[in-house]
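What follows is each chain in one-letter form.
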Amino acid sequence: MSEPAPRRDTRGIVAPSELLSRVRFRRHLPAPELRPYLEHYWLIDWALPEPYTTHVVPHPSVNVVFQRYGPLGGGPSAARPAAEVSGIGLGLFTKRLEGEGRVCGVQFRPGGFRPFAPAWPVSAWTGRRVPLHEPFPDTRDPAGDGAADGTVLDTVLSAVLSPDDDHARVAALDAFLLAHGPAPDPAADTAMELVDLVRADRTVLRVGRLARLSGLSPRSLQRLFASHVGVGPKWVILRYRLHEALERAEDGAAPDWAGLAVELGYSDQAHLVRDFTATVGLSPTAYARGMSVP
């Protein structure tokens, strides 16, 4: 049997070839006991001669992000290392990269974060980027003065961001997460299974169908998604279908947008165009035209 591997697609990244030509981007699987809850770890390192702005159409996932902007050891212009929890982004995520930097991220499976921070519904983090100590209070600076040296947070930041070796970074991420869970949660298992169904089964285009397949009432389904995914089931369905539209626009062929709209569950092409444009900032046709320019 072959070893499991993280997924290799670029789904959700706007203009992925531009980003991947500028940064070192890798994915790694976590320790086996964490795999039911995580998609993967994602590691990015860069040293750019000029700034670059990247855009991502977010997945319905919570991320824990450890980041350092500037070279190891810092300097007067370097931002100090930091860690945050990034809830599900409702709009386009935009980040300007410049100089040197490093980011080590944890992408949870949709529904997989709650077992590590069971005190709050996942919707509490939606649309927010908060310091690591909010869901993980043991990483709070006890002095309250922002000086992390010698604290739990400082130890974690150093373990995750200092090594050049990917395996050492992965081991540090494993150690951090295993120290914080996961707590058994059957509802999280159900939420993860249902989101996987939406992602894999392209016939699930309506909340009513998902409710029937799950055996839950639409209201119970909404409550489950609010508490354990962070957004409603309709949002998840539309986001995965929008990812598909983005991928079609990037494949070099001119898509049949009217046919694709029907295939993805939109009432007509205008609704697909409106969702795509509102999220990406370009119409599908303009985005596809830009992808075809060498």
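To keep things clear, this report deals only with the structure shown in the data block.

Parameters at a glance
Residues numbered from 1 in each chain as written. Predicted model: local features only at pLDDT ≥ 70, side-chain atom pairs only at ≥ 80, totals over all residues. Heavy atoms only, no water. Helix = DSSP H or I, 4+ residues; strand = E, 2+ residues; numbered from the N terminus. Buried < 20%, exposed > 50% of the residue type's maximum accessible area, 1.4 Å probe, protein only. Areas by Shrake-Rupley, 256 points an atom, 1.4 Å probe, with all protein chains shown as cover. Lys, Arg positive; Asp, Glu negative; His and termini not counted. Charge placed at Lys NZ, Arg CZ, Asp CG, Glu CD. Pairing = 2+ DSSP bridges. Axes fitted to C-alpha atoms, helices over the stretch in contact; angles between N-to-C directions. Expected span 1.5 Å × (residues − 1). Salt bridge = Lys/Arg side-chain N within 4 Å of Asp/Glu carboxyl O. Left-handed = near helix turned anticlockwise from the far one by under 90°. Contact = heavy atoms within 4.5 Å. Nonpolar A, V, L, I, M, F, W, Y, C, P; charged D, E, K, R; others polar.

What follows concerns the overall build of the protein chain. Scanning the protein chain for helices and strands turns up 10 helices and 6 strands. Buried positions account for 45% of the 294 residues belonging to the protein chain. Of the accessible surface of the protein chain, which amounts to about 13900 Å², a share of 56% is contributed by carbon and sulfur atoms. Once the 32 positive and 33 negative side-chain charges of the protein chain are each reduced to a mean point, those two points are 6 Å apart.

This brings us to the sheet that holds strand 4 (residues 82-86). Strand order in the open sheet formed by 6 strands is 1-2-5-3-4-6, and the pairing between neighbours is antiparallel. Across the chains shown, the open sheet's two edge strands, defined by having one partner strand only, are strand 1 (24-28) and strand 6 (129-131). Going across the sheet, the axis of each strand differs from the next one's by a mean of 20°, ignoring polarity. Where strand 1 lies against strand 2 (residues 38-56), 5 bridges are found, and the strand directions are antiparallel. Counted as the bridge partner of histidine 28 is tyrosine 41 from strand 2.

All right, on to helix 7 (residues 233-250) then. Spanning 18 residues, helix 7 covers 26 Å between terminal C-alpha atoms, matching the ideal 26 Å at 1.5 Å per step. Considered for burial, the residues of helix 7 that qualify are Pro233, Val236, Ile237, Arg239, Tyr240, Arg241, Leu242, His243, Glu244, Ala245, Leu246 and Ala249.

For helix 6 (residues 218-228), every residue scored as buried is listed here: Leu221, Leu224, Phe225, Ser227 and His228. Once helix 6 ends, the next one or two residues include glycine 230, with phi positive near 115°.

Counted according to the given criterion, the structure contains 19 salt bridges. As a salt-bridge pair, arginine 7 and aspartate 9 come within 2.8 Å of each other at their nearest N and O atoms. Residue classification places arginine 7 among the partly exposed residues on the basis of a relative accessible area of 22%. The partner of arginine 128 in a salt bridge is glutamate 134, with the nearest N and O atoms 3.4 Å apart. According to the relative accessible area criterion, arginine 128 is partly exposed, its value standing at 35%. Salt bridges here are not isolated pairs; linked through shared partners, they connect Arg24, Arg26, Asp45, Arg102, Asp164, Asp166 and Arg169.

Of all 5 residues in strand 4, 4 are buried; the element is thus mostly enclosed. Of the pairings in the sheet, the one linking strand 3 (residues 63-69) to strand 4 comprises 5 bridges and is antiparallel in character. Bridge pairing in strand 4 links glutamine 67 to alanine 82. By the bridge criterion, 3 bridges tie strand 4 to strand 6 in an arrangement that is antiparallel.

Following both chains from N to C, one finds helix 4 (residues 186-200) and helix 7 inclined at 35°, their axes separated by 9 Å at the closest point. Here helix 4 and helix 7 pass one another in a crossing that is right-handed. Contact with helix 4, carried on its side by Val195, Val198 and Arg199, involves Val236, Ile237, Tyr240 and Arg241 of helix 7 and no other residues of that element. Across the contact of helix 4 with helix 7, the residue classes tally to 5 nonpolar, no polar and 2 charged.

The linkage connecting glycine 181 with the following residue, proline 182, adopts the cis geometry, with an omega of 5°. Turning to its location among the elements, proline 182 is positioned in the loop between helix 3 (166-178) and helix 4. Phi is positive for alanine 15, which is not a glycine, with a value near 50°. Relative to the helices and strands, alanine 15 is located in the segment before helix 1 (16-20).

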